[in-house]
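# Observations on chain architecture
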Amino acid sequence: MSSSPNALCFGYELPASGAPCLVRFGGQGLTVTFASESMAGRSEEVPFTALSVSVGGLDHDQLVLKWIGDRGERALYLKDADLIRSFRRSAPEQLHVPFERAAELARLVRRRRRMVWGVVAGVVLALSAGLWRGGDLLVALAVERIPPEWEQKLGESAYKDFLARQDIVREGPAVSAVQEMTRRLVEQIPNNPYKFEVTVVKSDVVNAFALPGGYIVVFTGLMKKATGAEEVAGVLSHELNHVLQRHGLERIVKRLGLVAAASIVFGDQQGLAGLMKQFGVELMTLKFGREQETEADLTGLQLLYQARIDPSGMIGFFERLSEKDEGRMEWLSTHPMSQGRAERLKAELAAMPKLSPVPFTFEWAAVRASLGVSPPAEP
Amino acid sequence: MRSEILYPGAFPMVRVELAAGEQIKAESGAMVGASPTIDVESKMEGGFLGALSRKLLTGEKFFFQTLRAGRGPGEVLLAPTVPGEIVILELDGVNEYMVQKDGFLAGADTISIESKMQSFTRGLMGGEGFFILKIGGKGTLILNSFGAIHRIDLKPDQEYIVDNSHMVAWSATTSYNIERASSGWMASFTSGEGFVCRFRGPGVVYIQSRNPGGFGAWIRQFIPVSE
Ligand SMILES: [Zn+2]
């Protein structure tokens, strides 16, 4: 007779990892004989009438028998197939129904897991077989399924992470100017799901960026470079539209690939953070695509127009940015400048009815002076 | 095989004494030193496909090494790559543990190591990837952690919530679900990702006191960004 343990017994005074024991089924019930040295030889007899049956364990692949004994609640975890068969043979009629229900649940879990993996594999195969348009569709579907508040969490953590290492301008003319511009623009967005937040960071970098969820950073370097408030407002409008069109999310999902997209569509969209970590995707270095730039340009132009801010500032600024030797133009590293971007905007603007701009309440020269730019270097 | 932890604490090492002919499995690259009687064989655990899937899907090094006292008794010194504690478990043939891919350091030849695909959601959201190691059989299992190892004992149906990047190993009788942290939890968990594992007993959960991802992020802030 073999006496090596075939099950684990859990209970109040037993070790948390379970006491290895030998379980045998008889006509009336089961016998548990503990195997560990400290309790060697001790055994407990439990009648079938005292047992409740369920499944447990990480994979729902263990049969769990519970009862209330002299020493409180006991749980027995069985995974040995022979032992489970033996239970089924000896268990009385009244335990058959709960046993079958438990077995059905275990099968269901296994089947569902196989199905999910099957769907994922199928989607990946179908897409890698050359159906790339389907891929784009999948990315769009996936992005649509990510709720804005989740997107906000994602952006917020990257934003806080970034700002923790920066020299933030907390008050003064530059901050109030940027806030006024943002307010003017955001007021014009219908059904805005985002709570836009803008921070001015002291740095000579000529850049501004927007993170998913509406977190925007403007560097003083960009403000110093701008000869008018409308130019900065143009960049802000462009950035706001990257957020509104969810371009960041599109990039992330694209970068993570089709498995991620499929999982977000078919399963849970919360897996994104885990995947981003696994694949080392960094929000800060995400580069937008050409179509996304065009989209942000055109919708940005519309937004400026609705806010009655002169869009020619934006166009002029883009033109100057595309002239190579303008120093450190980081903005271009994440917003690729394509030929004719400014021309496209000019044509678009020409087609719009003439605008009578509403001026800002601040003097741009004063804002620049507060940043240490001596006025006026250029017209 | 007889094993002993040297220098317990942040920078420990394990000395494993092997009788003539005895062998152990060790994470490749874990060997620090050995008696001249020890031979190193690279064996593909679970066959070529098993090894390949481990490589591709868990990011695990391609092979486990087999260290064999082929020419008489001897000893081996093993150490993990990262600073952190080592824990030695004795598997009794019934207990099985799920081990996160970086948690395995070494084990007796009699233990079985199987890389297991877990549920899609767990794989996607948990910090440990789509594959984890299921380790069973009878013999010594040596785990390592990043930081200190903390053991949590769970009675049947008792629950405990752990940040997903701090998991090292847990009993196969313990189930877990990945959940989004409620906003209250969010702030206190170190990964800042907002994902936690809700473990449900019975069983034992080993967690590590440091989070590799968080540590990486902390290090990165000191590295100057190149143009
Ligand atoms: Zn852009």
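Residues numbered from 1 in each chain as written. Chains lettered and ligands numbered in written order. Predicted model: local features only at pLDDT ≥ 70, side-chain atom pairs only at ≥ 80, totals over all residues. Heavy atoms only, no water.

## Some details on the overall build of chain A
Short version of the rule: Every helix listed is a DSSP run of H or I at least four residues long, and every strand listed is a run of E at least two residues long, numbered separately from the N terminus. In this scheme, a residue with accessible area under 20% of its type's maximum is buried, one over 50% is exposed, and one in between is partly exposed, where area comes from a 1.4 Å probe on protein chains only. Note on contacts: a residue pair qualifies if any of its non-hydrogen atoms lie within 4.5 Å across the two residues. For the area figures, the Shrake-Rupley method with a 1.4 Å probe applies, and any residue is considered shielded solely by the protein chains shown.
Looking only at helices and strands, one finds 15 helices and eleven strands in chain A. Burial statistics for chain A: of 379 residues in total, 51% are counted as buried. Here the analysis covers contacts within chain A between residues at least 6 apart in sequence; of these, 63% occur between residues at least 24 apart. If you sum the accessible surface of chain A, you get close to 18,500 Å²; carbon and sulfur atoms cover 53% of it.

## Considerations on the overall build of chain B
Regarding its fold elements, chain B presents four helices and 18 strands. By residue count, 53% of the 227 residues in chain B fall in the buried class. Relative to all contacts within chain B whose residues are 6 or more apart in sequence, the contacts with residues 24 or more apart total 76%. A total accessible area of about 9,700 Å² is found for chain B, and carbon and sulfur atoms account for 57% of it.

## A few points about the sheet that holds strand β9 (residues 197-201) of chain A
All names here are of chain A. Basically, it comes down to this: Think of it this way: DSSP has to see at least two bridges between two strands before they count as a pair. Lines fitted to the C-alpha atoms define the axes, with helices restricted to the stretch that makes contact. Angles between their N-to-C directions range from 0 to 180 degrees.
Spatial ordering of the open sheet is given by β8-β9-β11-β10, a layout of four strands whose pairing is mixed. The sheet is open, and its two edges are formed by β8 (168-169) and β10 (208-211), each paired on a single side. Packing of helix α4 (residues 148-163) onto the sheet brings it into contact with β8, β9, β10 and β11 (215-219), and relative to β11 it is tilted by some 30°.

## A few points about the confidence of the model for chain A
For the record, the criterion: For every residue, the predictor assigns a confidence score, pLDDT, that lies between 0 and 100.
Overall, the predicted model of chain A reaches an average pLDDT of 81, with 80% of residues at or above 70. For chain A, the element scoring lowest by mean pLDDT is helix α10 (residues 272-279) of chain A, at 56; helix α5 (residues 173-186) of chain A scores highest, at 94.

## Details of the nonpolar core
Proteins that are soluble and globular tend to have nonpolar side chains buried together. Residues and elements named next belong to chain A. The test is simple: Here, nonpolar core refers to any group of buried Ala, Val, Leu, Ile, Met, Phe, Trp, Tyr and Cys residues whose side-chain atoms link them within 4.5 Å.
Formed by 48 residues in total, the largest nonpolar core has its most connected members in M181, V218, M223 and W364. Top element by residues in this core is helix α7 (residues 229-244). It accounts for seven residues. For V218, the contacting residues outside a window of four places in its chain are V178, V198, T199, V200, V201, N207, A208, M223 and L236.

## Things to note about the pattern of salt bridges
How we decide: Throughout this description, the term salt bridge denotes a Lys or Arg side-chain nitrogen within 4 Å of a carboxyl oxygen of Asp or Glu.
Under the criterion given, the structure shown has 26 salt bridges over all chains. Where B:R2 meets B:E17, a salt bridge forms, and the shortest distance between an N and an O atom there is 3.4 Å. One end of the pair, B:R2, is in strand β1 (residues 2-6); the other, B:E17, is in strand β2 (residues 13-18), and 15 residues separate them in sequence. We note a salt bridge from B:E75 to B:R15, for which the minimum N-O separation is 3.8 Å. Of this pair, B:E75 sits in strand β7 (residues 74-78) while B:R15 sits in strand β2; the two residues are 60 residues apart in sequence, bridging distant segments of the chain. The exposure class assigned to B:R15 is partly exposed, which follows from its relative accessible area of 24%. One connected set of salt bridges, linked through shared partners, spans A:E13, A:R42, A:E44, A:R71 and A:R74.

## A word on unusual backbone geometry
Residue and element names in this part refer to chain B. Omega for the bond connecting G201 with P202 falls within 30 degrees of zero, at 15°, which places this linkage in the cis form. Of note in this structure, D157 is not a glycine but carries a positive phi near 70°. For D157, the location among the structural elements is in the loop between β13 (149-154) and β14 (159-163).

## Considering the side chain of B:H166
Rule in force here: Whenever a nitrogen or oxygen atom comes within 3.5 Å of another N or O atom, the pair is scored as a polar contact, on the condition that within protein one atom can donate a hydrogen and the other can accept it, and that pairs from neighbouring residues in sequence are kept only if both atoms are in side chains.
Summarising the element assignment, B:H166 is placed in the loop between β14 and β15 (167-171). Within the local environment of B:H166, its side chain forms a polar contact with the backbone oxygen of B:Q208, the two atoms lying 2.7 Å apart.

## Description of α7(A)
Think of an α-helix as 3.6 residues a turn; residues three or four steps apart then line up on the same face. Residue and element names in this part refer to chain A. As a reminder, the rule being used: Given the number of residues in a helix, its expected span is that number minus one, multiplied by 1.5 Å.
In a regular helix each residue adds 1.5 Å, so 16 residues correspond to 22 Å; α7 covers 22 Å between its end C-alpha atoms and thus fits that length. Within α7, 14 of the 16 residues are buried, which leaves it mostly tucked inside the rest of the structure. Phi for R246, located one or two positions after α7, is positive at around 55°.

## Let's talk about the packing of aromatic side chains
Aromatic ring pairs are described here by two measures, namely the spacing of the ring centres and the angle between the planes. Residues and elements named next belong to chain A. Applied cut-off: Side-chain rings of Phe, Tyr and Trp, where Trp is taken by its six-membered ring, are said to pair if the distance between their centres is within 6.5 Å; with planes under 30 degrees apart they count as stacked, over 60 as edge-to-face, and otherwise as tilted.
In total, this model carries 16 aromatic pairs over all chains according to the counting rule given. When the centroid spacing of 5.1 Å and the interplanar angle of 80° are considered together, the rings of F162 and F209 count as edge-to-face. Taken together, the positions of F162 in helix α4 and F209 in strand β10 put the pair 47 residues apart, joining distant regions of the chain. There is no split in this pair, since F162 and F209 are both buried. For the pair F362 and W364, a centre-to-centre distance of 6.4 Å together with 55° between the ring planes defines the contact as tilted. Classification of F362 by relative accessible area gives buried; the value is 17%. Here a set of aromatic residues connected by ring pairs shows up, and it is made of F25, F48, F87 and F99.

## Some details on the sheet that holds strand β5 (residues 52-56) of chain A
Residues and elements named next belong to chain A. Taken in spatial order, the seven strands line up as β4-β3-β2-β1-β7-β6-β5 in an open sheet, and their pairing is antiparallel. Only two strands of the sheet have a single neighbouring strand rather than two, namely β4 (43-47) and β5. Across the sheet, the axes of successive neighbouring strands diverge by a mean angle of 30°, strand direction being ignored. Of the pairings in the sheet, the one linking β5 to strand β6 (residues 62-69) comprises five bridges and is antiparallel in character. Of the residues in β6, the one forming a bridge with S52 is K66. Contacting β1 (7-11), β2 (19-25), β5, β6 and β7 (72-78), helix α1 (residues 81-90) runs over the sheet at an angle of about 40° to β2.

## Looking at the packing of helix α11 (residues 290-306) of chain A against helix α14 (residues 341-350) of chain A
Residue and element names in this part refer to chain A. Here is the rule we go by: Left-handed describes a crossing in which the near helix is turned anticlockwise from the far one by less than a right angle; the clockwise case is right-handed. Residue classes follow a fixed rule: Ala, Val, Leu, Ile, Met, Phe, Trp, Tyr, Cys and Pro count as nonpolar, while Asp, Glu, Lys and Arg count as charged, and any other residue, Gly among them, counts as polar.
Where α11 meets α14, the closest approach of the two axes is 11 Å, and the angle between their N-to-C directions is 35°. Both α11 and α14 take part in a crossing whose hand is right-handed. Contacts from E293, T294, D297, L298 and L301 of α11 reach α14 at R341, R344, L345, E348 and L349. Here the residues of the contact of α11 with α14 sort into four nonpolar, one polar and five charged.

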